[in-house]
Amino acid sequence: MGIRVKTNVESMIAQKKLSDSRREVASSIERLSSGQRINKSADDAAGLAVSERIRSRIASMDVAKRNANDGISYIQVAEGGLNEMTNVMLRMRQLGSQAASDTLGNREREFLDREFQQLRDEVGRIMKTTEFNGRKVLEAGENTAMRIFVGSSNRADVDGSAPDIDPENDSDIVTINLEELSILNEAIDRVVNGGLAVVPDDPDGGAADLSPDGTDALFNVIDTAINEVAGYRASLGAVQSRLNTAISNIDVTNENLNAANSRIRDVDFAAETARFTQNKILEQAGAAVLSHANSNPEIVLQLLRG
């Protein structure tokens, strides 16, 4: 091979290899310091696209889990109020049963009725004041359904379009039917505003004449309200059970998606450390070779001196 001064081909080759080694070392440092194999789209464009879709779903699942837990909290607040209403009405029924015996006179029934009227008003107060996040949970109002979004599926199509959310048929929505609450409100209203009492309207009346419509009507109104409360509590319990199942499913899916995203995006430290060490040695060797290649033109000076 000829000896040239103008163009040092060996040095150019050494520079290119050194540059390649330095680039690989820099890439390894970036991966080892971030813990991720994919830090930019140039690292793996397809893998990045898949990873981003998984990340978006994981983020949505975290919110869906919070929504489900909030739904459970809503149900627990409602059920707490319903439980206390049941206890109060059971006490009202006890007072009615006690007053329905002719072993008591109307004077004693009047004493019982004082507690009875206070309990009746308390039932109405509980129904009107029990709330969650500013929402009355035991009054139907104008809403016919309470919807809880517990979904996380990617809804966008490849072309960028997305279907509308149908609250009635969407599998990501858990619905609490408030139509039953309207029926419950009617039953409670008859207890609170039906003029119930454990004394007869007529001072000469007896055990069969309690309340304006008689003792049978008294027990019928209270028992109907207790049954409606129990029925609505059963509906809430069914929804709570479903929400608990949804949370368990979210946890399992979230675990699997995080594992999948890790396999795509996270760096294998064992392999990357070995690659980093290899390229670091090549970088040092390349620097030594480049120094030697740059010294080759000095041979010309020796020829010129001769």
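Cut-offs and rules
Residues numbered from 1 in each chain as written. Predicted model: local features only at pLDDT ≥ 70, side-chain atom pairs only at ≥ 80, totals over all residues. Heavy atoms only, no water. pLDDT = per-residue confidence, 0-100. Helix = DSSP H or I, 4+ residues; strand = E, 2+ residues; numbered from the N terminus. Salt bridge = Lys/Arg side-chain N within 4 Å of Asp/Glu carboxyl O. Buried < 20%, exposed > 50% of the residue type's maximum accessible area, 1.4 Å probe, protein only. Phe/Tyr/Trp six-rings, centres within 6.5 Å; stacked < 30°, edge-to-face > 60°. Lys NZ or Arg CZ within 6 Å of the ring centre and 35° of its normal. Axes fitted to C-alpha atoms, helices over the stretch in contact; angles between N-to-C directions. Left-handed = near helix turned anticlockwise from the far one by under 90°. Contact = heavy atoms within 4.5 Å. Nonpolar A, V, L, I, M, F, W, Y, C, P; charged D, E, K, R; others polar.

Now for the confidence of the model for the chain. The predicted model of the chain averages 84 in pLDDT, with 91% of residues at 70 or higher. Averaged pLDDT values for the elements of the chain fall to 72 in helix H7 (residues 298-305) and rise to 91 in helix H5 (residues 215-265).

This part covers the pattern of salt bridges. According to the stated counting rule, one finds 14 salt bridges in the structure shown. A salt bridge links Lys65 to Asp251, with the shortest nitrogen-to-oxygen separation between them at 2.8 Å. Within this pair, whereas Lys65 is found in helix H2 (residues 45-99), its partner Asp251 is found in helix H5, the two being separated by 186 residues in sequence. Classification of Lys65 as partly exposed rests on a relative accessible area of 31%. With relative accessibility at 33%, the residue Asp251 sits in the partly exposed group. Within the structure, one salt-bridge network assembled from shared partners comprises Lys16, Asp20 and Arg23.

Attention shifts here to the packing of aromatic side chains. As enumerated under the stated definition, the model contains 1 aromatic pair in all. Between Tyr74 and Phe132, the aromatic rings sit 6.1 Å apart at their centres with planes inclined by 90°, giving edge-to-face as the arrangement. With a gap of 58 residues between them, Tyr74 in helix H2 and Phe132 in strand E1 (residues 131-132) connect regions that are remote in the sequence. Residue placement shows Arg93 over the ring face of Phe219; its charged tip is 4.7 Å from the ring centre.

As a packed pair, H2 and helix H4 (residues 179-193) sit with axes 13 Å apart at the nearest point and diverge in direction by 35°. For the element pair H2 and H4, the recorded crossing hand is left-handed. Judged by residue contacts, Leu82, Met85, Met89 and Met92 of H2 engage Leu184, Ile188 and Val191 from H4. Across the contact of H2 with H4, the residue classes break down as 7 nonpolar, no polar and no charged.

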